[in-house]
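The residues making up each chain are set out below.
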Amino acid sequence: MQQVQGPPPVRAVTIPFADLKDRSKDLSGKIEEGLGRQGLGSVPGYPELRKRLLRLAPRLVNLPDDVKKELEDPDSRYFFGWSHGKEKLENGIWDTFKGSYFANPVFDVPTADDVLVTRYPSYCRPNIWPMDHLPEFEVAFKDLGKLMLEVGLMLAHHCDSYVLQQGVQQGVGESLEQILARSRCPKGRLLYYFPKQFSKENDGVQSVSTWCGWHTDYGTLTGLTCVVKVIFEDDELAYQIGETAEILSRGHLCATPHCVKAPSSENASDVDRSTFVLFIQPDWDEKLKLPSEMPYHQELIPPKAEGYTLTYGEYSERVADKYFEARA
């Protein structure tokens, strides 16, 4: 049988950390190449934080089933705590290929408002931590997540400069950096992909999206510790643009399609994979002015007049309904 061939590896666009920290530096060329309509530095302390958290992933996955059950939060649609088999793949089947642990690395309790907790449980419910079984997990998760958020906000500042150069006017408080800095709902996700023998498609043909199908993230920026088929060093962080950034930049920043492919070699049947991502996203009540025609999810958001507004919470809930449903 013929295997589906994916795209060739590409070298990620790299921005030195010193340049990223320099708010006066003109990085518009790098932003356009890596995050704009045409495209995809070493961070002090990052390699150690990455290793400290990722080495805990197999231990988390191998906790007893009854313990992992206690770490689930069905009321949040499994967007807090342990999640396995609660998400749908692009073909509509439940995804048992990976396990995830979700938490807010900055706010253990994003809000005490019960109305908001009921309205936006995916963002407003409290964190859950395996204190009795993996006590070092919370600190490792938070430390890596906070570093990735800090670097992501630096990147957002330079994205704003690039978007302004393209003629997009931003009102007071409307820059990406400001929107993300005031948000109470950054979301970290530790992922563990099970070995290929547990993630083979029914017909035996390995597709390019074996571990996770092609998609774009609906947040603003996604920080990643590892990207398949994109080459970058162990001490570098990668960031992808999400749909919200594309909306806010009026299309000058483009959401990054991506997937995760399991290794295809027969020798790699026992290979697993651990990684951590941070979804840097607006607050749940942040208003998004949508274009007249959405480039994504047209079946959920039909064409309307330019400037039609949804809150980020409303927008993301509509999208999440496609992939996450109530499942006991």
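As a reminder, the structure under discussion sits directly above these lines.
Everything in this summary refers to the structure shown in the same document. (Residues numbered from 1 in each chain as written. Predicted model: local features only at pLDDT ≥ 70, side-chain atom pairs only at ≥ 80, totals over all residues. Heavy atoms only, no water.)

Here we take up the overall build of the chain. Helix and strand counts for the chain stand at eleven helices and twelve strands. A buried classification covers 55% of the 328 residues belonging to the chain. When the accessible surface of the chain is split by element, carbon and sulfur atoms take 51% of a total near 15,100 Å². (Helix = DSSP H or I, 4+ residues; strand = E, 2+ residues; numbered from the N terminus. Buried < 20%, exposed > 50% of the residue type's maximum accessible area, 1.4 Å probe, protein only. Areas by Shrake-Rupley, 256 points an atom, 1.4 Å probe, with all protein chains shown as cover.)

Attention now goes to the packing of helix α3 (residues 46–54) against helix α8 (residues 137–165). Remark: α3 packs on α8, axes separated minimally by 9 Å, with the N-to-C direction vectors making an angle of 145 degrees. The handedness of the crossing between α3 and α8 comes out as left-handed. Across the interface between the two elements, Y46, L49, R50, R52 and L53 of α3 pack against F137, V139, A140, F141, D143, L144 and L147 of α8. Class assignment of the residues belonging to the contact of α3 with α8 gives a composition of nine nonpolar, no polar and three charged. (Axes fitted to C-alpha atoms, helices over the stretch in contact; angles between N-to-C directions. Left-handed = near helix turned anticlockwise from the far one by under 90°. Contact = heavy atoms within 4.5 Å. Nonpolar A, V, L, I, M, F, W, Y, C, P; charged D, E, K, R; others polar.)

Burial in helix α2 (residues 28–35) covers these residues: S28, I31, G34 and L35. Taken around the axis of α2, the buried residues stretch over an arc of 145 degrees, which confines them to a single face. Buried positions along α2 lie against α8 and β8 (238–241). (Arc of directions from axis to C-beta.)

What follows covers the sheet that holds β8. In spatial order, the strands read β2-β3-β4-β10-β6-β8; together these six strands make up an open sheet with antiparallel pairing. Both outer strands of the open sheet, β2 (81–84) and β8, are each paired with one neighbouring strand and no more. If you compare each strand with its neighbour and ignore which way they point, the axes differ by 25 degrees on average. Relative to strand β3 (residues 98–103), β2 runs antiparallel, the two sharing four bridges. Directly across from W82, in β3, lies its bridge partner Y101. Contacts from α3 reach β4 (187–193), β6 (221–224) and β10 (273–280) within the one sheet, and its direction differs from that of β10 by about 115 degrees. (Pairing = 2+ DSSP bridges.)

At their nearest, the axes of α2 and α8 sit 9 Å apart, and the two run at 95 degrees to each other. Here α8 runs roughly perpendicular to α2, going by the angle between their axes. Facing S28, I31, E32 and L35 of α2, the residues of α8 in contact are L155, H158, C159, Y162 and Q165. Of the residues that constitute the contact of α2 with α8, the class distribution is five nonpolar, three polar and one charged. (Parallel < 35°, antiparallel > 145°, perpendicular 65-115°, else oblique.)

So, about the nonpolar core. Within the largest apolar cluster, 75 residues are counted, with the highest numbers of intra-cluster contacts made by F137 and L190. With 15 residues, α8 is the single largest residue contributor to this core. Those residues in contact with F137 that sit more than four places away from it in its chain are L53, L56, L60, Y101, W129, P130 and L190. (Core = buried A, V, L, I, M, F, W, Y, C linked by side-chain atoms within 4.5 Å.)

Structurally, S83 is set in strand β2. Among the residues examined, S83 registers a relative accessible area of 6% and is labelled buried. If we ignore the near neighbours within four places in the chain, the residues touching S83 are Y78, K98, G99, S100 and F102.

As a further point, take the pairing of β10. Judged by how many residues are buried, β10 sits mostly within the fold: eight of eight residues are covered. Pairing of β4 with β10, which is carried by seven bridges, proceeds in the antiparallel orientation. In the strand pairing of β10, G188 is matched with L278. Of the pairings in the sheet, the one linking β6 to β10 comprises four bridges and is antiparallel in character. Note on β10: the bridge partner recorded for G223 is L278.

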